[in-house]
Amino acid sequence: MNFYSLNKKAPNVSFKEAVIKGIAPDRGLYFPEEIHPLAPSFFDSLETFSNQEIAYLAIQQFVGDEIPEAALKEILKEVLDFDFPVVPIEENIATLELFHGPTMAFKDVGARFMARCLGHFSNEKSNAITVLVATSGDTGGAVANGFLDVPGVKVVILYPSGKVSDIQEKQLTTLGKNITALEVDGTFDDCQEMVKSAFLDKELTENMQLTSANSINVARWLPQMFYFLFAYKQAKSLGKEIVFSVPSGNFGNICAGIMAQKLGMPCKHFIAATNVNDIVPNFMATGTYSPKTSIATISNAMDVGDPSNFIRIRHLYKDNFKELSNNLSSYSFTDKETKKAMLSLYNDYNYVADPHGAVGYLGIKKYQAQHPECYGIFLETAHPVKFLDVVEDTIRENIDLPDKIAKLLNKKKKSINISNYEDLKAFLKRE
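All of these numbers come straight from a predicted model, not from anything done at the bench.

**A few points about the nonpolar core**
Here's step 1: In this structure, Phe15, Phe113, Phe147, Leu158 and Phe244 are the most contacted members of the largest nonpolar core, which totals 125 residues.
Here's step 2: In terms of residue count, helix H11 (residues 225–235) provides more of this core than any other element does, nine residues in total.
Here's step 3: Contact partners of Phe147, with chain neighbours within four places excluded, come to Ala111, Met114, Ala115, Leu118, Val131, Val153, Val155, Asn178, Ile179 and Ala213.
Here's step 4: By size, the runner-up hydrophobic cluster in this structure holds 32 residues, among which are Val243, Leu362, Ile364 and Val385.

Shown next as structure tokens:
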């Protein structure tokens with residue numbers, strides 16, 4: 001399987017090259033040349049397959065022969081060593097909990113898969129690989145944990161100062177070893193722009209091997225297909241049309257869900273639920289894509305003013321707005337609406353949701369107002385403890401700290417402050 005740049009001004013590359021490069025030389029995102037649907041009989045009997053077997057069949061065509069079958073299966077066994085439960089909330093609404101991994105966020109799967117792919121590839125190379133990643137919250141912790149002590153790989157994480165939760169910051173600034181955190185005086189969009197600029201800087205790329213662990217990287221993005229397949233496996237026996245509501249920031253997760261649908265997974269519709277960073281809801285309403293400066297909210301992982309992966313979604317529909325609209329709705333919600341939903345979920349259903357999951361819940365509720373017959377699954381993308389202050393203040397109750405989080409709080413933060421791309425470049429040249 002080869003991958004091509006969506007800007008179509010760069011050579012096609014293998015899966016291995018796409019993973020190592022991260023982004024194409026023409027600044028385009030890589031996309032697979034073909035998507036081969038899986039057999040209908042596979043989905044008919046999905047409940048007879050283990051999660052590892054499902055994941056292998058979903059991802060193998062994109063990896064091709066770049067990783068041998070035995071090695072790929074072992075990678076998936078290590079990555080998928082926790083549960084992905086679909087938890088009923090109310091009639092025709094459930095949540096898919098994606099926070100049972102090591103950093104309690106949905107990005108654990110993609111980060112760990114990519115780390116192990118790079119570890120496999122770095123065994124074949126003599127020069128070290130530097131992973132450069134921007135985070136608005138959970139990506140940093142998941143990448144730091146996934147890549148910790150991976151031989152031949154250094155990790156540099158950029159995060160916006162004061163715009164991630166305390167626990168998120170601890171997860172990406174306390175590990176040390178091959179992980180370095182750069183605290184940026186700016187927004188997530190500033191961090192993301194710096195990362196993209198570094199990949200196009202010949203002075204850097206001619207002297208070091210850079211790659212990205214953001215969802216722009218195919219090895220971070222594609223494994224997110226697994227979540228939707230695992231959810232369908234659990235819900236298919238209900239015999240209802242399934243709609244997924246995905247809290248969306250950089251749009252990699254929902255794009256992966258649509259990829260699972262392209263593989264043949266039965267699914268009626270997708271909802272991209274956002275906070276007031278409403279670039280995609282505006283696009284779906286007007287047909288005009290207008291990026292803008294991101295706004296800080298209580299669902300900070302979705303504070304994105306120019307979501308990178310939305311171009312992949314548009315490409316999946318060949319930029320046919322009507323076809324896209326038939327399969328995707330997008331709604332935005334305020335912090336006030338989000339807190340009200342969190343309180344309702346707790347008081348009415350005894351469910352503690354984080355702000356991002358609450359936005360997903362609002363998305364499915366809005367869609368079901370016009371389509372009450374569907375079965376809605378909203379994604380709960382992070383454990384509520386990662387947004388402790390907001391959650392406790394909203395539901396007016398204390399929640400217990402899991403051991404893996406409690407151990408972080410006494411660790412010392414280590415970060416390097418930078419203000420602009422020149423600072424980032426100077427740091428990388430010293431490495």
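Now that the structure has been shown, the text picks up again.
**Details of the packing of helix H3 (residues 51–63) against H11**
Here's step 1: Contact geometry for H3 and H11: axes closest at 10 Å, N-to-C directions at 140 degrees. With respect to H11, the axis of H3 lies oblique. Where H3 crosses over H11, the handedness of that crossing is right-handed. In this structure, H3 contributes Asn51, Ile54, Ala55, Ala58, Ile59 and Phe62 to the contact, and H11 contributes Met225, Phe226, Leu229, Phe230 and Lys233.
Here's step 2: Within the contact of H3 with H11, the residues separate by chemical class into nine nonpolar, one polar and one charged.

**Digging into the environment of Asp149**
Here's step 1: Considering the arrangement of structural elements, one finds Asp149 in the loop between helix H6 (138–147) and strand E7 (153–160).
Here's step 2: Once you skip the residues sitting within four places of it in the chain, Asp149 turns out to touch Lys177 and Asn178.

**What about the pattern of salt bridges?**
Here's step 1: Within the structure shown, the criterion is met by 16 salt bridges.
Here's step 2: For Glu90, the salt bridge is made with Lys365, and the minimal N-O distance between the two is 3.1 Å. Here Lys365 lies in helix H17 (residues 355–368) and Glu90 lies in strand E4 (residues 86–90), a separation of 275 residues in the sequence.
Here's step 3: Of the residues examined, Glu90 reaches a relative accessible area of 18% and is grouped as buried.
Here's step 4: Of the charged contacts in the structure, one is a salt bridge between Lys268 and Glu373, with a shortest N-O distance of 2.6 Å.

**Some points on the packing of aromatic side chains**
How two aromatic rings sit relative to each other is given by the distance of their centres and the angle of their planes.
Here's step 1: Counted by the stated rule, this structure contains 20 aromatic pairs.
Here's step 2: An angle of 65 degrees between the planes, with centres 6.4 Å apart, marks the rings of Phe15 and Phe121 as edge-to-face. Of the two residues, Phe15 is situated in helix H1 (residues 15–21) and Phe121 in helix H5 (residues 107–122); the sequence distance between them amounts to 106 residues. No difference in accessibility class separates Phe15 from Phe121, as the two residues are buried.
Here's step 3: Through successive ring pairs, a cluster of aromatic residues spans Phe82, Phe84, Phe106, Phe226, Tyr227 and Phe230.
Here's step 4: We note Lys262 situated over the ring of Tyr317; from NZ or CZ to the ring centre the distance is 4.7 Å.
Here's step 5: Taking the ring centre of Trp221 as reference, the NZ or CZ of Arg312 above it sits at 4.2 Å.

**Section: helix H16 (residues 335–349)**
Here's step 1: Compared with the 21 Å implied by 1.5 Å per residue over 15 residues, the 20 Å span of H16 between its first and last C-alpha is a close match.
Here's step 2: Every buried residue of H16 is accounted for by Thr338, Ala341, Met342 and Leu345. Within H16, the buried residues cover an arc of 100 degrees as seen down the axis, which keeps them to one side. Of the residues in H16, the exposed ones pointing more than 90 degrees away from the buried face are Lys336, Lys340, Asn347 and Asp348.
Here's step 3: Contact partners of the buried residues in H16: E4, H17 and helix H18 (388–395).
Here's step 4: Backbone geometry just after H16 places Asn350 at a positive phi near 55 degrees.

**Examining the UniProt feature "domain: Threonine synthase N-terminal" (unreviewed entry) in the protein**
Here's step 1: As recorded in UniProt, the sites labelled "domain: Threonine synthase N-terminal" (unreviewed entry) are residues 3–77.
Here's step 2: Across residues 3–77, helical content stands at 45% and strand content at 11%; the span's end C-alpha atoms are separated by 25 Å.

**Some thoughts on helix H4 (residues 69–79)**
Here's step 1: Within H4 the residues assigned to the buried category are Leu72, Ile75, Leu76 and Val79. Axial view of H4: buried residues confined to an arc of 95 degrees, hence all on one face. Along H4, the residues that are exposed and aim more than 90 degrees away from the buried face are Ala70 and Lys77.

**Quick look at the side chain of His383**
Here's step 1: Considering the arrangement of structural elements, one finds His383 in the loop between strand E13 (375–380) and H18.
Here's step 2: At a separation of 3.0 Å, a polar atom in the side chain of His383 contacts the main-chain amide nitrogen of Val385.

Rules and cut-offs
Residues numbered from 1 in each chain as written. Predicted model: local features only at pLDDT ≥ 70, side-chain atom pairs only at ≥ 80, totals over all residues. Heavy atoms only, no water. Core = buried A, V, L, I, M, F, W, Y, C linked by side-chain atoms within 4.5 Å. Buried < 20%, exposed > 50% of the residue type's maximum accessible area, 1.4 Å probe, protein only. Helix = DSSP H or I, 4+ residues; strand = E, 2+ residues; numbered from the N terminus. Contact = heavy atoms within 4.5 Å. Axes fitted to C-alpha atoms, helices over the stretch in contact; angles between N-to-C directions. Parallel < 35°, antiparallel > 145°, perpendicular 65-115°, else oblique. Left-handed = near helix turned anticlockwise from the far one by under 90°. Nonpolar A, V, L, I, M, F, W, Y, C, P; charged D, E, K, R; others polar. Salt bridge = Lys/Arg side-chain N within 4 Å of Asp/Glu carboxyl O. Phe/Tyr/Trp six-rings, centres within 6.5 Å; stacked < 30°, edge-to-face > 60°. Lys NZ or Arg CZ within 6 Å of the ring centre and 35° of its normal. Expected span 1.5 Å × (residues − 1). Arc of directions from axis to C-beta. UniProt positions renumbered as here; feature names shortened; annotations may be inferred. Polar contact = N/O pair within 3.5 Å; in protein donor to acceptor, adjacent residues only side chain to side chain.

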